[in-house]
Structures are given as C-alpha cells and as structure tokens.
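Given next are the chains, with one letter for each unit.
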Amino acid sequence: MTREHDPFRIPRAGWEAAPLAGLASVDLNHNGGAFSGGEFVSESTVGGVVLYATYQALLTALRTEALRQRGEINRITQVQLVLGTSLESAKTGVAVGAVFSVLLLVFPWLTAPMAVMGVVGSAKASLDLFHAFWDGLDAEQKLQVTVAAHEAGVNLRRFFSKASGGLDTVAG
C-alpha cells in the first residue's frame, strides 16, 4: 500500500469507501427503512453521497490544515477546497450508491461480501485519515504524539515505512 507524501496533493476518496457507500442508507421518511425498489435505491443513494462527501471532507480538511498553519493557504481557501472536493466526491457517491443499491436489490446475498469488503475498506480509509492527520502536524506535535503513543504502549512505526520521512525524522 503506497502513501502519497506531496503536501499539495489532496487525497481523493476512492474505492475503499465503495462497499460501505453501497451499504449505507439514510432513512429519508423515517419509516424504519424499506426494502422496496424506489425507496431503497433513493435512501441508499443518499447514504452513498453522505459517506463519500464526509470522508472526502475529512481527508481534505486534515491535509490542508498543514498548509494553512504554514501560511501557504488561508482559511477561506481551505474551506473552498473542502467544499469543492466534497461536492466532487458526492458525485461519485451518487453513482456508487445507486449502482450498489440496485445490485443489492437484485442480489441481496451480496450484502455479506460487501460488508466484509467494507471492513477492509474502512481499515484503509482509517489509515488514509491517520496519514492526512499526521502530515498536518509539525515536528514538535509529531514528537508529542509519538511520546504519548509510546507511553500508551502503541507503536506508531508500523504505520510508516523507512522512506516515509515521518516517524524516523522525528523520533530517530
């Protein structure tokens, strides 16, 4: 699994979010959800949009916070980037949510494999969010997090490769 180190590149929500987007559903009319055609597809599509847009907003906000703290962008630009990338990602969420909801409507047995893939995708998404968070920290903050993790018995080195320039340059 590769990791992007360019602080000016905004990571994009990818296929790691697709299985959960297909399973996510927002109960629009508060009837406890239904497995009927139109309502299921529309509620699952909205769920996919919400999941993709939220995940993208987190990725963008965490990555651009470092740029904002260094003075390379201002808060207004950061907010514009978060909104712009979230709206772009929401388009993907519409497509993924609609396609997967139709698939689940026709082949309900796909729910179990999608749930398993959703766990794997969630793990990758969590790692991507952690990396975006880590990249937003300055050297002193990285050292504080490393020390706190060590005191808690957590080894952060497994999240970084030797070439990452992350933990080794701070703690080593």
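Keep in mind that this is a model prediction, so the values were computed, not measured. Residues take numbers from 1 onward in each chain, read along the sequence in its written order. Local features in this predicted model are restricted to residues whose pLDDT is 70 or higher, and side-chain atom pairs enter the listing and the counts only when it is 80 or higher, whereas totals over whole chains, interfaces and linings include all residues. Processing note: side-chain calculations cover all non-hydrogen atoms of the structure and skip hydrogens and water entirely.

With that settled, the discussion passes to the environment of leucine 23. Strands here are runs of E lasting at least two residues and helices are runs of H or I lasting at least four, both read from the DSSP assignment and numbered beginning at the N terminus. Among the structural elements, leucine 23 can be located in helix H1 (residues 18–23). Separated by 74 residues in sequence, leucine 23 and glycine 97 place their C-alpha atoms 8.0 Å apart.

When we look at a pair of aromatic rings, we describe it by the centre distance and by the angle of the planes. We call Phe, Tyr and Trp rings a pair once their centres come within 6.5 Å, taking the six-membered ring for Trp, and we label the pair stacked below 30 degrees between planes, edge-to-face above 60, and tilted otherwise. All told, the structure shown has three aromatic pairs when counted by the stated rule. With a centroid separation of 6.1 Å and 65° between ring planes, the pair formed by phenylalanine 107 and tryptophan 109 is classed as edge-to-face. Plain terms: the ring middles of phenylalanine 130 and phenylalanine 133 are 6.5 Å apart, the flat faces sit at 45° to each other, and that makes the pair tilted. Of this pair, phenylalanine 130 and phenylalanine 133 both sit in helix H4 (residues 111–135), three residues apart, roughly one helical turn. Residue exposure (1.4 Å probe, protein chains only): buried if accessible area is under 20% of the type maximum, exposed if over 50%, otherwise partly exposed. Under the relative-accessibility criterion, phenylalanine 133 is labelled partly exposed at 34%. Counting every residue linked through ring pairs, the aromatic cluster contains Phe130, Phe133 and Trp134.

Values of pLDDT, ranging from 0 to 100, describe the predictor's confidence in every residue of the model. On average, residues of the chain score 80 in pLDDT, and 81% of them are at 70 or above. Element-level mean pLDDT values for the chain span from 47 in helix H6 (residues 167–171) up to 90 in helix H3 (residues 75–106). Ignoring residues within four places in sequence, the model shows residues 168–172, a span with pLDDT below 50, making nine contacts including any to other chains. Contacts: residue pairs with any heavy atoms within 4.5 Å of one another.

Salt bridge, as used here: a side-chain nitrogen of Lys or Arg that lies within 4 Å of a carboxyl oxygen of Asp or Glu. Considering all chains together, one arrives at six salt bridges under this definition. Put simply, arginine 68 and glutamate 65 hold a salt bridge, and the shortest N to O gap is 2.6 Å. Of this pair, arginine 68 and glutamate 65 both sit in helix H2 (residues 37–69), three residues apart, which is roughly one turn of that helix. Here arginine 75 makes a salt bridge to glutamate 65, at a shortest N to O gap of 3.4 Å. Residue arginine 75 is located in helix H3, and its partner glutamate 65 is located in helix H2; the two are separated by 10 residues in the primary sequence. Connected through salt bridges with shared partners, the residues Glu65, Arg68 and Arg75 form a single ionic network.

This part is about helix H5 (residues 139–151). Given a rise of 1.5 Å per residue, 13 residues ought to cover 18 Å, and the 18 Å separating the end C-alpha atoms of H5 matches this to within 8%. N or O atoms closer than or at 3.5 Å make up a polar contact, with two conditions inside protein: a donor-capable atom paired with an acceptor-capable one, and, for residues adjacent in sequence, both atoms drawn from side chains. Capping the start of H5, aspartate 138 holds a side-chain oxygen 3.2 Å from the backbone nitrogen of glutamate 140, two or three residues further along. Positive phi appears at glycine 153, one or two residues downstream of H5, with a value of about 85°. Expected helix span is taken as 1.5 Å per residue step, with the number of steps being one fewer than the number of residues.

Its location among the elements puts serine 89 in helix H3. Among the residues examined, serine 89 registers a relative accessible area of 6% and is labelled buried. At a separation of 3.3 Å, a polar atom in the side chain of serine 89 contacts the main-chain carbonyl oxygen of tyrosine 52. Setting aside anything within four residues of it in sequence, one finds serine 89 in contact with Ala13, Tyr52, Ala53 and Gln56.

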